[in-house]
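Listed below are the residues making up each chain.
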Amino acid sequence: MPLRKHRQHFRVYGNCFTAIAAVDWLHELLRYNSNFGPDVTRQQTIQLLKKFLKNHVIEDVKGRWGSEDLEDNSHLYRNCFSQENVDPSKQDMETEPVIEVVQARALTEEDIQDVWRGITLTHLQKTLGLTALEDVLDPRHINSQNIVYNMTNVNKHGVVTLEDKTDDLPHWVLSAMKCLANWPKYDSNQPSYPGFERDVFKTVSDYFYSLPQPLLTFEYYELFVNILGLLQPQLERVAIEALQLCTLLLPPASRRKLQLLMRMISRMSQNVDMPRLHDAIGTRTLMVHTFSRCVLGCEEEVDLDELLATRLVSFLMDHHQEILQVPVYLQNAVQDHLVYLRKVQITYPGSGGVEAPMPIYSFCRQISTEEFEEQKLSVSQAAIADLLESLVKDKNMSVKDKKKKLKQFQRQYTDIYTHRFPTTASEAQLFEDKPKIKPPMLISMKKPKAFGIRN
């Protein structure tokens, strides 16, 4: 709180402030704080100052406190700790303020990138409910330039535009993807023959399989796997916001490819005019199983990688428009904070005139280590149990593949598997309920014996 000397009723009071100045200063601070935001009203700020007065955080210049009669006027107040150990006889002779507000400061490109990084990671940590992001994210892998580029270099559809085209999709792949996304309204110059759409689909899938790493990258594998604790109906909005923030960390070329791929497979799965691309399974199931490993994968092969990836890709298909768009609330928070940093600076005593920006404060409820571990375990187990249930109910998977996946699951998560199938009989019942299909009756094609005169 900026303090200075004030005159009132022919007396001089040092190191104090007026109520109206306190409201102005605190209201400005709350509006540009990421934990409160621009919706904080002036009246709410006055209510907070009243609480400060009642609880002796501040007092009036005559030492009175304990009530909530603070108004938006020129009455003088001071911090209750500012008068400790001060001789009352010298109290009125205090001189100039200890803190001076200085206007304007030129921000460097590095300053701007640090603001983007800090606000993005703060929102991500709050969304995931983690005490620290280091458990799921290596800070060395975070590139602030990626966040800024993904937020600011987009076309009217929200798709990232690349200045350097070397990492972009080749023209022939982009043409093939447009053909499938807009089927049957494709370029008339392209060939058309039975099975043409299957050849085009294979061209696209072969390209994505040839990439050196998945679109979500190996570095962020743990981060995206942890979000799978959130893919539950009651946490759908939280999962969307978390994925929105996480995909901003990707290299721009990877984010662009992910956006175009999700748009293509989402349109294909909803297109009733699209011919069947596989004789045994539907288009949506084919999309999920074909591209799951192209989207999410671990550098070291894990048995359940495919199950985790298919679950995430399925969610991305359903919500890709929200997840892969630019989050406006984040953009506004950053811009507001940059405006604040350019406008308000503080010069501290003894700093030699060097200006320092107001620090960014982040508030959260601290929980115990035991509570954190309990929440982490319960959410993880619920997500893994849901994964097992989706595996059990998958009607498109063959019996052989399902048995193989269940054995893999049993080896890695024995307790959860045993809870779902407590006895061997309950496990066997999963496969016994399937109706047995009788083989078709064979009709004999043996040529009948001809009867002649001799017979």
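Up top you'll find the structure we're talking about.
Note that this is a predicted model, so its numbers are computed, not measured.

Q: Mind showing me how you'd approach the overall build of the protein here?
A: Of the regular secondary structure elements, the protein holds 16 helices and seven strands. For the protein, with 455 residues in total, the buried portion stands at 42%. A separation of at least 24 residues holds for 65% of the contacts in the protein among residues at least 6 apart in sequence. Accessible area of the protein: about 27000 Å², with a carbon and sulfur share of 53%.

Q: When you look at the pattern of salt bridges in this model, what are you seeing that I'm missing?
A: Opposite charge on two side chains permits them to pair, given that their charged atoms come into close proximity. Counting across every chain of the model gives 13 salt bridges. Its salt-bridge partner being K54, residue E68 comes within 4.0 Å of it at the nearest N-O pair. Here K54 lies in helix α2 (residues 42-54) and E68 lies in the loop between β3 (58-60) and β4 (76-79), a separation of 14 residues in the sequence. As a salt-bridge pair, K202 and D206 come within 2.9 Å of each other at their nearest N and O atoms. Of this pair, K202 and D206 both sit in helix α6 (residues 196-209), four residues apart, roughly one helical turn. Residues participating in the shared-partner salt-bridge network are D24, R42 and D72.

Q: Even after reading the chapter, I still don't get helix α3 (residues 109-128), so can you show me in this structure?
A: Owing to its 3.6 residues per turn, the α-helix aligns residues three or four sequence positions apart on the same side. Between its terminal C-alpha atoms α3 stretches 29 Å, which fits the 28 Å expected from 20 residues at 1.5 Å a residue. For α3, the set of buried residues is I112, Q113, V115, W116, I119, T120, L121, H123, L124, T127 and L128. Where α3 is buried, its residues contact α4 (144-152), α7 (221-227), α8 (236-247) and α12 (328-343).

Q: Is there a simple way to think about the nonpolar core in this case?
A: As a rule of thumb, nonpolar side chains are buried together in soluble globular proteins. Counting 95 residues, the largest nonpolar core has F208, F224, L261, M262, M264 and F291 as the members making the most contacts within it. Those residues in contact with L261 that sit more than four places away from it in its chain are M177, F208, L215, F291 and V295. Core analysis: the next-biggest nonpolar cluster, separate from the first, contains 17 residues, L26, L29, L30 and I46 among them.

Q: How should unusual backbone geometry be read in this particular structure?
A: Both trends apply: most residues other than glycine have a negative phi, and most peptide bonds are in trans. In this model, N15 sits at a positive phi of 50 degrees, which is unusual for a non-glycine residue. The backbone of H56 shows a phi angle near 65 degrees, a positive value even though the residue is not glycine. If you trace the backbone, H56 turns up in the loop between α2 and β3.

Q: Teacher, can you tell me more about the packing of α3 against α4 here?
A: If you want to describe how two helices pack, look at the angle between their axes and the distance between the axes. Two elements in contact, α3 and α4, have axes whose closest approach is 9 Å; the angle formed by their N-to-C orientations is 85 degrees. In terms of their interaxial angle, α3 and α4 are classed as roughly perpendicular. When α3 is examined against α4, the residues Q113, W116, R117 and T120 are found in contact with a partner set consisting of S144, Q145, I147, V148 and M151. Taken together, the residues of the contact of α3 with α4 sort by class into four nonpolar, four polar and one charged.

Analysis parameters
- Residues numbered from 1 in each chain as written.
- Predicted model: local features only at pLDDT ≥ 70, side-chain atom pairs only at ≥ 80, totals over all residues.
- Heavy atoms only, no water.
- Helix = DSSP H or I, 4+ residues; strand = E, 2+ residues; numbered from the N terminus.
- Buried < 20%, exposed > 50% of the residue type's maximum accessible area, 1.4 Å probe, protein only.
- Contact = heavy atoms within 4.5 Å.
- Areas by Shrake-Rupley, 256 points an atom, 1.4 Å probe, with all protein chains shown as cover.
- Salt bridge = Lys/Arg side-chain N within 4 Å of Asp/Glu carboxyl O.
- Expected span 1.5 Å × (residues − 1).
- Core = buried A, V, L, I, M, F, W, Y, C linked by side-chain atoms within 4.5 Å.
- Axes fitted to C-alpha atoms, helices over the stretch in contact; angles between N-to-C directions.
- Parallel < 35°, antiparallel > 145°, perpendicular 65-115°, else oblique.
- Nonpolar A, V, L, I, M, F, W, Y, C, P; charged D, E, K, R; others polar.

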